[in-house]
Amino acid sequence: MKKSGLFIGLSALLSFSNAIAADEFSGADTAWILTSTALVLFMTLPGLALFYGGLVRSKNVLSVLMQCFAITCVSTIIWVIVGYSIAFGDGGGANAVWGGLSRAFLSGMSRDALAGSIPETVFSMFQLTFAIITPALIVGGFAERMRFSAILMFSAFWLLLVYLPVCHWVWGGGWLGELGLLDFAGGTVVHITAGVAAIVTAMVLGNRRGFPRSAMMPHNMTMTITGAGMLWVGWFGFNAGSALSAGGDAGMAMLVTHISAAMGAFTWMMIEWKRYGKPSALGAVTGMVAGLGTITPASGFVGPVAALFIGLAAGSVCYFATVFIKQRLQIDDSLDVFPVHGVGGVMGTLAAGIFVASELGGAGLADGVSMGQQLGVQALGVVAVIAWTVVVTYLILKLVAIFVELRVNEEDETVGLDLTAHEESGYNL
Amino acid sequence: MKKSGLFIGLSALLSFSNAIAADEFSGADTAWILTSTALVLFMTLPGLALFYGGLVRSKNVLSVLMQCFAITCVSTIIWVIVGYSIAFGDGGGANAVWGGLSRAFLSGMSRDALAGSIPETVFSMFQLTFAIITPALIVGGFAERMRFSAILMFSAFWLLLVYLPVCHWVWGGGWLGELGLLDFAGGTVVHITAGVAAIVTAMVLGNRRGFPRSAMMPHNMTMTITGAGMLWVGWFGFNAGSALSAGGDAGMAMLVTHISAAMGAFTWMMIEWKRYGKPSALGAVTGMVAGLGTITPASGFVGPVAALFIGLAAGSVCYFATVFIKQRLQIDDSLDVFPVHGVGGVMGTLAAGIFVASELGGAGLADGVSMGQQLGVQALGVVAVIAWTVVVTYLILKLVAIFVELRVNEEDETVGLDLTAHEESGYNL
Amino acid sequence: MKKSGLFIGLSALLSFSNAIAADEFSGADTAWILTSTALVLFMTLPGLALFYGGLVRSKNVLSVLMQCFAITCVSTIIWVIVGYSIAFGDGGGANAVWGGLSRAFLSGMSRDALAGSIPETVFSMFQLTFAIITPALIVGGFAERMRFSAILMFSAFWLLLVYLPVCHWVWGGGWLGELGLLDFAGGTVVHITAGVAAIVTAMVLGNRRGFPRSAMMPHNMTMTITGAGMLWVGWFGFNAGSALSAGGDAGMAMLVTHISAAMGAFTWMMIEWKRYGKPSALGAVTGMVAGLGTITPASGFVGPVAALFIGLAAGSVCYFATVFIKQRLQIDDSLDVFPVHGVGGVMGTLAAGIFVASELGGAGLADGVSMGQQLGVQALGVVAVIAWTVVVTYLILKLVAIFVELRVNEEDETVGLDLTAHEESGYNL
Amino acid sequence: MKLVAAIIKPFRLDDVRSALSEIGIQGLTVYEVKGFGRQKGHTELYRGAEYVVDYIPKVKIEIAIDDDQLDAVIDAIIESARTDKIGDGKIFVTPLENAIRVRTSETGSSAL
Amino acid sequence: MKLVAAIIKPFRLDDVRSALSEIGIQGLTVYEVKGFGRQKGHTELYRGAEYVVDYIPKVKIEIAIDDDQLDAVIDAIIESARTDKIGDGKIFVTPLENAIRVRTSETGSSAL
Amino acid sequence: MKLVAAIIKPFRLDDVRSALSEIGIQGLTVYEVKGFGRQKGHTELYRGAEYVVDYIPKVKIEIAIDDDQLDAVIDAIIESARTDKIGDGKIFVTPLENAIRVRTSETGSSAL
Ligand SMILES: Nc1ncnc2c1ncn2[C@@H]1O[C@H](COP(=O)(O)OP(=O)(O)O)[C@@H](O)[C@H]1O
Ligand SMILES: Nc1ncnc2c1ncn2[C@@H]1O[C@H](COP(=O)(O)OP(=O)(O)O)[C@@H](O)[C@H]1O
Ligand SMILES: Nc1ncnc2c1ncn2[C@@H]1O[C@H](COP(=O)(O)OP(=O)(O)O)[C@@H](O)[C@H]1O
């Protein structure tokens, strides 16, 4: 692996968390990561909130927006207290699996502490926005029926027991990173964990009343499309920001991200056009999210032509996965988090292991590593993260169920969560 | 005062406006402040406009959006003509109170003029976005009943006679800055002036017809929450941009800003949950704004743990202030500008004087200044700015009332301002 | 990479403003152009989509949003395949008119290739966002009646045969750039081409059923105003990003852009106030877009006071042009693309030739070029681009009409495109 | 029994409701409607042109009552809805053959 | 007097209104409703599945008239609303016992 | 003929429709209305204060039928709409003098 080319971002990060080396401060890198941080927060608030909010029924729109907001708050507070430490601290002997508590309350994070070439404050803020959007993505799985108090508890435990450890494994100096897993911006850490958690939660909760018999059409597609536009733009911060520097790696990451998004949207649109005679706006934006999610782990490693293929795969495979799970298996992963993010995350993580090859326009495999070996590591990462997420998510749900019912009662579900859980209505036009 | 710690941003600025010293040009700082400028404009357009617009009744939504737009235009034009000069010019002998007119029409602002480490054009644009949002914040006080022509006149005079002088006092080399007032991003300059002006205007205009007897529920909470998300993201530019550089100060400012927002939202939510059995989305986003407004003056000086406390104070004190003013005093500061921004600004300005202490994780008090002395200066700043704002706002309203009635007539208020003042309707769904 | 071929536009720009060609990598410039790229994409998605979407009738809102999304995808794919090459490649002997195909599939765009001081990936991504928004602007001309398949074909051909060549002429080393045409951020390349294409398409398609007899009021002005705010903010990336560096040129471009927007909005508002007794929000935001479009070609060359005049001209001339075309000529350029962008683009391109003069506060005419000569070049550029666009747009429409009917049938137009073309409805509130 | 429908100006709704409740009418159903009549619509601006929007937003309230309440109800509505300007609206009285309460299956007056 | 209600296709509303105004009917009230009947609803796409939306958006217009206007009104509506496709709608005629103008307290025909 | 209007809880609409369709009623028209009655409204939170929203969203269905269908229709509605809680709604029966199908000009029962 050409370390300089390939791992600009991650090596800084890894070496930081391993306390190996600290690069020189770069104002330019700092400027870009400050910006990226804003972009990634923007993905959740209001991006993802609107994307999801538009898809539910009118009576539940505020509940979804509120859940995204509340998860943002809870994740932030946890991050300050122990989250950053668990993900990026030095876990000493246990560093393969977690980062320990030495950085609890962000202790030692002075104004001039560096993480790579940027202030540690900036690195920590940037990473926090990932810890915000990941549990927020799960909202799509349990939308329109989960109790608000259960959501808060679930999200808190899930962050602590799934997101933060996996983040440490991959980016914080843990075992997967050490094995050389390529996950530039969160195929395993973000999309697989969220997608898998969503479908597990959906299955534990059970389907929404009326699913799949009655159609539950989006109440406001303009809201969803607005959110989609914000996600596309924000994703530039997500992926190109993950270079942790303002240079060629960030540039290439942004370019391939954009290409994959366009190709994913275009592909989904064309499939619908072929099958139903008409392409839908929802199809286009769903394909776009699939394209974005899928390129994410690969975005720092591959070239533009590979991005066309990755987008094509995203738009088509995620399409059929969605149909399969919703129509065939009739699992009410309400906003299709698993088929889009989970499946996309898996594809993208594997694709990273292929298209990283310099012959395929990629940044190049690590020295002495064959494509087969790299794919093995990628597959191991995928399997390990899926397995951990399934088991721990399930256990957390069972744990939370001890304290509070997971699901709202029938009447509340019928009336809608906006009024019954938050005493508000979305619209009084 | 440890210059390095305390006045990184402002000293550049002060020394610039006093033509004392010009730092070296930094492209990185420029990149970040260009970005921050976009973020702060985004806070007003469409952020604040949507946040406020969703809270009023359907028949007045365009009037609020329009007011935010029109104020943006008016403030910009004034800024070019005399505004920048009054705020940041060198007022010579009168420099303690205003900046004079020597920089009228931005004279002398060449392409390569520097302000600190960034081009003066960039500094001026960045500051302009603050001069835009501050009068726009006041819209929340007089919403749904003030005549559009009166609003334009009021906003113009208010910018000239309240905002620009106070800005000069604190950031432009005036007396409060000279005294050592700590106001990183606008506790006194922005939030106290706007909050106080809003309640004064609300009282002079009188309550909306029907207040408080009939409920005036938000017509579109999804719009308000969308705006809230934009405010959160944009505030990163507001506070971290106020470092005027892309480095550790900006990073820390962003981090504490984010923490305070999350904590403010969480706190407000919990209070509602306790009192009413249900947390509302409006409560969450109001607490968020309170958290953001409160940390603003302190954002460049304090550390992450202090931010948790500041957010906690913001969410709780602003909550009770809102209830007190709206329910108890029955003053129709329609969108609660004073209890959120005014009260938050006061708290934050005082908190800056406390948590700046390095023992409390802050950037450190100036050399030879005790916390008591610093708090004295902070209190003096608060009192002076409140007093000036109350008196001058009141006089401006009386002055405007000579030319045009401040309030629309009963019928127009009933029919709504969209049709009667702008001949448009918000929705034809 | 042959500098002369690929980077004429860019280096012209650099050498123009600094009279120095600097090709050293700059992280700061990269950070700002990465950001600008995000801002310009944001202008289209969701900015322009919302701006336009709010103006059509409820039954067509998704069709407009969808068109903006689909055009984004198609333009991206074309850009990767041949677009970048045609616009910015080295056309060899034919370089005056196009860039050839040597850079097809972005061949040779490695991670460390530079374009000026930024990675070529970043330059290409930034330029791509311009190639996205330009055909998307045309949507306003044919809204509510053009067949989706025809739109896709038309947009693809139009990008290939109008946008990319003209882009090459002006910025890619082609004949207009060589002649010294001043077009900083796209007066000819973007606004004239889009405006002219919109009115040609509108005339070929014919008016919407019912136009101008029945009023076709905006279905959601709040959506339009939201989009307008995003356009304003995003335009900072469009114009200040066109400096391709983070310095005084970018700063001045942002400043004058902002001033012109404010002045354009204010002017349009005042005209309506005078004529109808009431200023409308739609008027304000339309004037804002006029101000932004008009300053675009001039934004890198003029000073703040010139920007006041340019905004004034934009707000008034575009106002009367709109009335003239819609009311007098009764051409159903549905969302007034030509009178705003086309007319604004012409005015701005000419204004650039005047206000560039250093006596008028501008960056200064090129050595040995008189204002008359420069104006001659500007006029030539305007005429050439209009002529090419009229002819080629017309031919493309005729060509597309061979394959598919351009316009939907009467019933579909009555029912609305959302249901008939995309099987979706915007709102189920 | 009678079914009384009153088309009124939206902002009078609260007053009409209190007037009715003072004479003992608690139940009613409200529709949002568009009215066309003598009252002129408003104009709307659209990029330099003024258009007339010819309908007026109105509210229709519908009340099922016993025959002997009719006069009182009509008077209450007139008094509370009147602003003495064109467009104050109309009251329409139609015969009601039966009323049934879903919950109890009661019929006739006791269902109201 | 009669109360005539017509449920029509929304896009015929303007035509119906002009037809009515030609025979001297100025006042009417319009409701937005959802119709269920023989006319089939449309399908909507939702992420790779097609759903049938079974209601059809319709407009109901309600006109209070004198008995002798009935035939003219019915004819005018039929002619202006008909598209000869299923779903053109229905006209329902019910008795109207009284009409009162709120502003003037006029009753009967003179209130229309 | 009769015009039967039923004001019901919105979430019962689908059930009522299937109950009616089982007894052969296909056509009906649906209104979204606001109901005031004994059923209490809900509270809404607004920045630290609770407000009572006194209306309840209801759905009104309107069905034109032949006289001999009346009892069956009423029974079908009652059975399918009832939840045994206050606010289940009302059925109002009014006389229908005529019905006309716009498309064919058929009148009377055959127009339904
Ligand atoms: N003949 C009619 N049938 C049904 N509704 C009517 C009729 N005439 C008027 N309306 C309704 O009554 C409202 C008020 O009528 P209008 O003629 O404007 O004023 P006024 O009530 O003062 O006579 C109209 O907006 C319309 O909704
Ligand atoms: N029995 C009925 N009672 C009330 N409204 C009806 C009835 N039958 C039909 N409608 C209304 O009339 C509309 C048109 O009816 P439909 O059966 O679709 O076509 P057509 O009018 O051509 O017979 C329906 O959408 C519904 O609103
Ligand atoms: N007298 C009335 N006239 C018209 N509509 C009524 C009347 N009384 C009740 N309603 C309608 O019926 C609905 C249910 O009535 P309510 O008194 O709440 O419960 P219930 O149907 O159990 O008696 C109300 O929301 C209102 O829409």
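Worth saying up front: this structure is predicted, and the values here are computed from it rather than measured.

What counts, and where the lines are drawn
Residues numbered from 1 in each chain as written. Chains lettered and ligands numbered in written order. Predicted model: local features only at pLDDT ≥ 70, side-chain atom pairs only at ≥ 80, totals over all residues. Heavy atoms only, no water. Helix = DSSP H or I, 4+ residues; strand = E, 2+ residues; numbered from the N terminus. Rg over C-alpha atoms; globule rule 2.2 N^0.38 Å. Buried < 20%, exposed > 50% of the residue type's maximum accessible area, 1.4 Å probe, protein only. Contact = heavy atoms within 4.5 Å. Areas by Shrake-Rupley, 256 points an atom, 1.4 Å probe, with all protein chains shown as cover. Lys, Arg positive; Asp, Glu negative; His and termini not counted. Charge placed at Lys NZ, Arg CZ, Asp CG, Glu CD. Disulfide = S-S within 2.5 Å. Near = heavy atom within 4 Å. Polar contact = N/O pair within 3.5 Å; in protein donor to acceptor, adjacent residues only side chain to side chain. Core = buried A, V, L, I, M, F, W, Y, C linked by side-chain atoms within 4.5 Å. Salt bridge = Lys/Arg side-chain N within 4 Å of Asp/Glu carboxyl O. pLDDT = per-residue confidence, 0-100. Phe/Tyr/Trp six-rings, centres within 6.5 Å; stacked < 30°, edge-to-face > 60°. Lys NZ or Arg CZ within 6 Å of the ring centre and 35° of its normal. Buried area = accessible area lost by both parts, 1.4 Å probe. Least-squares fit on C-alpha atoms with pLDDT ≥ 70 in both. Axes fitted to C-alpha atoms, helices over the stretch in contact; angles between N-to-C directions. Parallel < 35°, antiparallel > 145°, perpendicular 65-115°, else oblique. Left-handed = near helix turned anticlockwise from the far one by under 90°. Pairing = 2+ DSSP bridges. Nonpolar A, V, L, I, M, F, W, Y, C, P; charged D, E, K, R; others polar. Expected span 1.5 Å × (residues − 1).

### A short note on the overall build of chain A
When helices and strands are tallied, chain A shows 16 helices and two strands. Since a compact globule built from 429 residues should have a radius of gyration of about 22 Å, the 20 Å found for chain A is in line with a globular shape. Going through the 429 residues of chain A one by one, you find that 75% of them count as buried. Within chain A, contacts between residues at least 6 apart in sequence are counted, and of these 80% link residues at least 24 apart. Entry remark: accessible area of chain A is about 10,800 Å², with carbon and sulfur atoms responsible for 65%. The averaged location of the 24 negative side-chain charges in chain A is 12 Å from the averaged location of its 18 positive side-chain charges.

### Description of the state of the cysteines
A disulfide bridge is the covalent bond that connects two cysteines by way of their sulfur atoms. Under the criterion given, the structure shown has zero disulfides over all chains. Unpaired in terms of disulfides, Cys73(B) finds its nearest cysteine sulfur in Cys68(B), a separation of 11 Å.

### Topic: the site of ligand 2
Around ligand 2 sit 21 residues, and of these Arg38(E), Gly87(E), Thr29(F), Ala64(F) and Arg101(F) come closest. Near ligand 2, residues from chains E and F are present, making the site a shared one. Here Arg38(E) contributes a backbone N or O atom positioned 2.8 Å from an oxygen atom of ligand 2. Between ligand 2 and the protein, one listed contact pairs an oxygen atom with a side-chain N or O atom of Lys90(E) at 3.0 Å. Considering ligand 2 on its own, with 550 Å² of exposed area, one finds that the protein chains cover 98% of that surface. For the shell around ligand 2, the secondary-structure elements that each account for two or more residues are strand E2 (28–36) and strand E6 (90–95) of chain E together with strand E2 (28–36) and strand E5 (56–65) of chain F.

### Overview of the nonpolar core
Tyr163(A), Trp232(A), Tyr163(B), Trp232(B), Tyr163(C) and Trp232(C) are the most contacted members of the largest nonpolar core, which has 492 residues in total. It is helix H4 (residues 61–88) of chain B that provides the largest number of residues to this core, a total of 20 residues. Those residues in contact with Trp232(C) that lie beyond four places of it in its chain are Leu41(B), Leu45(B), Phe69(B), Thr72(B), Cys73(B), His258(C), Ala261(C), Ala262(C), Met288(C) and Leu292(C).

### Topic: the pattern of salt bridges
Residues and elements named next belong to chain B. Going through the model one piece at a time under the given rule, you end up with 66 salt bridges over all chains. Residue arginine 57 pairs with glutamate 144 through a salt bridge whose shortest N-O separation is 3.1 Å. Of this pair, arginine 57 sits in the loop between helix H3 (27–55) and H4 while glutamate 144 sits in the loop between helix H5 (120–142) and helix H6 (148–171), and the two are 87 residues apart along the sequence. Judged on exposure class, the residue arginine 57 and its partner glutamate 144 are both buried.

### Some remarks on the confidence of the model for chain D
Mean pLDDT over chain D stands at 94; residues scoring 70 or higher make up 100%. We note a pTM of 0.96 for the whole complex and an ipTM of 0.96 for its interfaces.

### What to know about the packing of aromatic side chains
Tallied over the entire structure, the rule returns 66 aromatic pairs over all chains. On the basis of an interplanar angle of 65° and a centroid distance of 5.0 Å, the ring pair of Phe126(A) and Phe130(A) is categorised as edge-to-face. Pair noted here: Phe126(A) and Phe130(A) are both in helix H5 (residues 120–142), with a separation of four residues, about one helical turn. Ring geometry for Tyr84(C) and Phe88(C): centres 5.9 Å apart, planes at 35°, overall tilted. You can see Tyr84(C) and its partner Phe88(C) sitting in helix H4 (residues 61–88), four residues apart, about one turn around the helix. An identical accessibility class is assigned to Tyr84(C) and Phe88(C); each is buried. Aromatic rings pair up to connect Phe126(A), Phe130(A), Trp171(A), Trp235(A) and Phe238(A) into one cluster. The ring centre of Tyr55(E) lies 4.6 Å from the NZ or CZ of Lys34(E), which sits over that ring.

### As for the interface of chain C and chain A
If you look at the interface, chain C gives 53 residues, while chain A gives 56 residues. Both faces considered, chain C and chain A share a buried interface measuring about 4,200 Å² in area, 79% of it formed by carbon and sulfur atoms. At the boundary of chain C and chain A, one finds two salt bridges. The partner of Lys278(A) in a salt bridge is Glu423(C), and the shortest N-O contact between them spans 3.9 Å. One can count eleven residue pairs in polar contact (both at pLDDT 80 or more) joining chain C with chain A. Breaking the side of chain C that touches chain A down by element, the ones donating at least two residues are helix H3 (27–55), H4, helix H5 (120–142), helix H6 (148–171), helix H9 (221–241) and helix H16 (417–422) of chain C.

### Comments concerning the relation of the copies chain C and chain A
For the pair of chain copies, the relating operation is a rotation around an axis with a shift along it. Structural alignment of chain C on chain A gives an RMSD of 0.0 Å, achieved by rotating through 120° and translating 0.0 Å along the axis. On this basis, the relationship between the two copies can be described by a three-fold rotation axis. Closest approach to the rotation axis within chain C is made by the C-alpha atom of Ala28(C), at a distance of 2.6 Å. Little of the interface of chain C is mirrored in chain A, where only 13% of its interface residues are also at the interface.

### What about the relation of the copies chain E and chain F?
The transformation that overlays chain E on chain F combines an axial shift of 0.0 Å with a rotation of 120°, and the residual RMSD is 0.0 Å. Little of the interface of chain E is mirrored in chain F, where only 7% of its interface residues are also at the interface.

### Comments concerning the packing of H5(B) against H6(B)
All names here are of chain B. Here H5 crosses H6 at 130°, and the two axes come no closer than 10 Å. Here H5 is positioned oblique relative to H6, judged by the angle of their axes. Seen from above, H5 lies across H6 with right-handed handedness. Between H5, through Gln127, Phe130, Ala131, Thr134, Pro135, Ile138 and Phe142, and H6, the contact on the second element is made entirely by Ile151, Phe154, Trp158, Leu159, Tyr163 and Trp171.

### What about the pairing of strand E1 (residues 2–8) of chain F?
Residues and elements named next belong to chain F. Of all seven residues that make up E1, seven are buried, and the element is covered over most of its length. In this sheet, E5 lies alongside E1 in antiparallel orientation, the contact comprising seven bridges. Residue isoleucine 7 lies in a different strand from E5, and its bridge partner there is lysine 60. Here six bridges tie E1 to strand E6 (residues 90–95), and the two strands are oriented antiparallel to one another. Paired with alanine 5 across the bridge in E6 is phenylalanine 92.

### Some remarks on the site of ligand 1
Near ligand 1, the surroundings consist of 21 residues, among which Arg38(D), Gly87(D), Thr29(E), Ala64(E) and Arg101(E) are the closest. More than one chain approaches ligand 1, the contributing ones being chains D and E. Lys90(D) is positioned with one of its side-chain polar atoms (N or O) 3.0 Å from an oxygen atom of ligand 1. For ligand 1, the accessible surface in isolation is 550 Å², of which the surrounding protein chains cover 98%. Counting only elements with at least two residues in the shell around ligand 1, the list comes to strand E2 (28–36) and strand E6 (90–95) of chain D together with E2 and strand E5 (56–65) of chain E. Per-element accounting of the shell around ligand 1 gives the leading share, three residues, to E5(E). Its residues assigned to classes, the shell around ligand 1 comprises seven nonpolar, seven polar and seven charged.

### Digging into helix H10 (residues 248–276) of chain C
Residues and elements named next belong to chain C. Helix length check: H10, at 29 residues, gives a terminal C-alpha distance of 42 Å against a target of 42 Å (1.5 Å per residue), a fit within 8%. The buried count for H10 comes to 24 of 29 residues, which makes it a mostly enclosed element. After H10 finishes, the residue glycine 277 shows a positive phi value of roughly 80°.

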